[in-house]
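Secondary and tertiary structure notes
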Amino acid sequence: MAASTESFYLGFDFSTQQLKVVAVDGNLSVVHQDNVQFDSELPEFGTQGGVHVHADSLTVTSPVLMWVKALDLILGKMKNAGFDFSRVKALSGSGQQHGSVYWRKGTNQVLRDLQPGKSLHELLKGGFAVSDSPVWMDSSTTEQCQYLETAVGGAQRVADITGSRAYERFTGNQIAKIYKAQPEKYEDTERISLVSSFAASLFLGSYAAIDYSDGSGMNLMDIFSKQWADSCLEATAPHLEERLGAPVHSSAVLGLLSPYHVTRYGFPEDCKVVAFTGDNPGSLAGMRLQEGDIAVSLGTSDTVFLWIKEPRPTVEGHIFCNPVDRPSYMALICYKNGSLTRERIRNKCAGGSWEVFSSVLRTTPTGNNGNIGIYFDAMEITPSAVGVHRFDKENTKVSGEIRALVEGQFLAKRVHAEKLGYKIIPGTRVLATGGASSNKDILQVLSDVFDAPVYTIDVANSACLGCGYRALQGDTNTPALNHQLILVFGLNHNSGFSWCYCRARTKDCACSSSPGPELKNAAIGTIMEIHVQSDSCCYSI
Ligand SMILES: Nc1ncnc2c1ncn2[C@@H]1O[C@H](COP(=O)(O)OP(=O)(O)O)[C@@H](O)[C@H]1O
Ligand SMILES: O=C(CO)[C@@H](O)[C@H](O)COP(=O)(O)O
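Our subject in this report is the structure included herewith. Note that this is a predicted model, so its numbers are computed, not measured. Every chain is numbered on its own, with residues counted from 1 as its sequence reads. Chain labels run from A onward and ligand labels from 1 onward, assigned in the order the entries are written. Only residues with pLDDT of 70 or above have their local features reported here, since the model is predicted, and side-chain atom pairs are shown and tallied only from 80 upward, although totals for entire chains, interfaces and linings are computed over all residues. The side-chain numbers reported here are obtained from all heavy atoms of the structure, hydrogens and water having been left aside.

Some remarks on the environment of Cys-334
Put simply, the rule reads: Segments assigned H or I by DSSP are reported as helices when at least four residues long, segments assigned E as strands when at least two residues long, and all are numbered from the N terminus. Between buried and exposed lies partly exposed: a residue is buried under 20% and exposed over 50% of the maximum accessible area for its type, with that area taken using a 1.4 Å probe on protein chains only. By definition in these notes, contact holds between two residues if any of their heavy atoms fall within 4.5 Å.
Looking at the secondary structure, you find Cys-334 in strand β18 (residues 329–335). Given a relative accessible area of 5%, Cys-334 falls into the buried group. Counting along the chain gives 321 residues from Cys-334 to Asp-13, while the straight-line C-alpha distance between them is 18 Å. When sequence neighbours within four positions are dropped, the list of residues in contact with Cys-334 reads Trp-136, Arg-169, Ser-301, Asp-302, Thr-303, Glu-380, Ile-381 and Thr-382.

Observations concerning the sheet that holds strand β8 (residues 132–134)
So the rule is basically this: Strands are labelled as partners when DSSP assigns at least two bridges between them. Between the N-to-C directions of two axes lies an angle of 0 to 180 degrees, each axis being a line fitted to C-alpha atoms and, for a helix, fitted only over the stretch in contact.
Read from one edge to the other, the open sheet built from 3 strands follows the order β4-β5-β8, with strand pairing classed as antiparallel. The sheet is open, and its two edges are formed by β4 (52–53) and β8, each paired on a single side. Of the strand pairs in this sheet, strand β5 (residues 60–63) and β8 are connected by 3 bridges, and their pairing is antiparallel. Within the sheet, the bridge partner assigned to Ser-62 lies in β8 and is Ser-133. Running at roughly 40° to β5, helix α2 (residues 64–80) makes contact with β5 and β8 of the sheet.

Remarks on the pattern of salt bridges
Heads up, the condition is: A carboxyl oxygen of Asp or Glu within 4 Å of a side-chain nitrogen of Lys or Arg is what we treat as a salt bridge.
Under the criterion given, the structure shown has 20 salt bridges. Among the ionic pairs, Glu-418 bridges to Arg-414, the shortest N-O distance being 3.1 Å. Of the two residues, Glu-418 and Arg-414 are both situated in helix α17 (residues 402–419); the distance of 4 residues between them amounts to about one turn of the helix. Given the relative accessible area of 35%, Glu-418 is considered partly exposed. A single network of salt bridges, built from pairs that share partners, joins Asp-302, Arg-342 and Lys-413.

Quick notes on the site of ligand 1
Which entries qualify depends on this criterion: Note on terminology: near, applied to a residue and a molecule or strand, indicates that one of the residue's heavy atoms is within 4 Å of it. A 3.5 Å cut-off defines polar contacts: any pair of N or O atoms within that distance qualifies, except that in protein one atom must be a possible hydrogen donor and the other a possible acceptor, and neighbouring residues in sequence count only when both atoms are side-chain atoms. With a 1 Å grid spanning the protein atoms alone, the term cavity applies to any set of points in which a 1.4 Å probe fits but cannot get out, the term pocket to an open set with protein on both sides within 12 Å along at least five of seven lines, and the term lining residue to any residue with an atom within 4 Å of a point. For a cavity or pocket, the test is whether more than half of a molecule's atoms lie within 2 Å of its grid points; if they do, the molecule sits there.
Residues in close proximity to ligand 1 total 16 residues, the closest being Ser-15, Gln-18, Lys-20, Thr-300 and Glu-343. Taking Ser-15, its side chain carries an N or O atom lying 2.8 Å from an oxygen atom of ligand 1. Here ligand 1 occupies the largest pocket. Breaking the shell around ligand 1 down by element, the ones donating at least two residues are β2 (18–25) and α15 (339–349).

Observations concerning the side chain of Arg-243
Put simply, the rule reads: Only four residue types enter the tally: Lys and Arg on the positive side, Asp and Glu on the negative side; His and the chain ends are excluded.
As for its placement among the helices and strands, Arg-243 is situated in helix α12 (residues 240–244). No salt bridge is formed by the buried Arg-243, whose closest oppositely charged neighbour, Glu-187, lies at an N-O distance of 4.1 Å. Engagement of the side chain of Arg-243 in a polar contact is seen with the backbone oxygen of Thr-189, the distance being 3.1 Å. The residues contacting Arg-243, other than those within four sequence positions of it, are Tyr-186, Glu-187, Thr-189, Glu-190, Arg-191, Ile-192 and Pro-238.

Concerning the layout of surface pockets
For clarity, the threshold we go by: Grid points are joined across faces, edges and corners, and a volume is the space filled by probe spheres set on the points. Charged means Asp, Glu, Lys or Arg here, nonpolar means Ala, Val, Leu, Ile, Met, Phe, Trp, Tyr, Cys or Pro, and polar covers whatever is left, Gly included. Boundary definitions for the domains trace back to an automatic or database domain assignment.
Of the voids in this model, the largest pocket is the one considered here, and its volume is about 730 Å³. As for the largest pocket, its lining consists of 38 residues, and the residues nearest its centre are Leu-298, Gly-299, Thr-300, Gly-434 and Gly-435. Of all the secondary-structure elements, those providing two or more residues to the lining of the largest pocket are β2, α14 (279–286), β15 (294–298), β18, α15 and α19 (462–477). Here the lining of the largest pocket is built from residues that sort into 9 nonpolar, 23 polar and 6 charged. Each of domain 1 (8–282) and domain 2 (318–324 + 335–456) contributes no fewer than three residues to the lining of the largest pocket.

Spelled out as structure tokens, the structure:
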């Protein structure tokens, strides 16, 4: 069925420094874009670059309510700009990877009962057992990583199961730290979400499932069976599986948008919510990567990623499930010292101006006369090292900055990509995205280092764009949700809860003592197709 050009599809991205949204129409043309910068537009949370770096310089968190308030703000901005929410058929989104959100016991009910007269921020003020969510920049969990690798059988064994050896920022190790340091908060947690599935929950009005692709960044999921790995769960925290919920494919339709957004913003009642994923997987979809391409994302983090068919996990780099094509995978390498390090050197050597920074790149020779720099302001991820080191061609320490930094960053990417088996051949395309991909002089260095042409797409926010595409794909591939398959079964009739209705896709269940009229005559244990009038009443699960 051809998508109507009258319809809109939304893609959100809850990234490190901002919340962004892109709306596309049925022809994939961008019709609206907006963003909320956390530091400047939500100053009450006191973040720098969207995060709080703690005194130990290893712990890095973001206030979860800042993300909630950012969603209120961006939807309000769109409304004020006259965006026609009634044309939105489906939405999806992404989040910075690995970060975790801890929903307090009882909050699923709060999500189901959201009152449209109030902001999400007001309604969810008491909804989180942990108010400061650990994010991907955190590197405080070395002890938990060592424990996991020992318990499971070594770094390579953890990689063979989960796609990556134990990494400090990976969610399982963050959960293990919270369980150990703040057991009462873990106990008070009903559900643990990734930033992506947390954001999806705000739209769905109930806890949203974690998708396979972002779920691969947790050191908890078996990337081949796509199930939680028992050995990893056991080494992390007790009763974890029930707090995570079952993971789903990245293009799964999770359900219909919460009535809250229908009433407050005028979305249609049948607007679908497609699973949210990680920002890098979202970018892979948005850049329409082909096999053989290499993508370089220059956001807060720098990442390099590839679409692969035959995953061979190693102890350097990550393998994630592919967010677009079920049998495929993606390989990814992440660098913490990306844009923030370029900003530091810009402030130091170019008076805070990207124009001056660029002009230095234009007026210095490729190769920088043999001077090279390694700039790890913060503990790097690939490799695990910290410090600034600059050398000339005789290997003597020298000064010299802007070109040394940018060439050094891109040389590291080429070396690591080649170590993962990537071959640069005639016809190689380097696809660049993220905030710094708007800088042509930085991209020229990237092209020189990779000895290949560099392409960008019109929309630097490829993660949002990819999620707009994924929303459209989810909408067109799914029959109308008012014909969902509902599994009906009876519980102990004496307990007061006589019926459970389960969403076939998400396996979320709601129990009630008074079944709706369509279910009254259904035999216990049958799987039936029923016509759900709305997402309210006893079917709102
Ligand atoms: N003209 C430019 N040249 C180089 N870097 C830039 C330029 N404009 C923006 N950036 C960088 O882009 C970064 C933000 O990228 P973005 O992809 O939006 O981040 P995120 O998605 O992680 O929030 C900023 O930290 C900034 O350093
Ligand atoms: O940790 C990783 C990937 O493994 C990071 O790439 C985060 O996903 C943050 O993304 P940006 O906000 O920098 O885009």
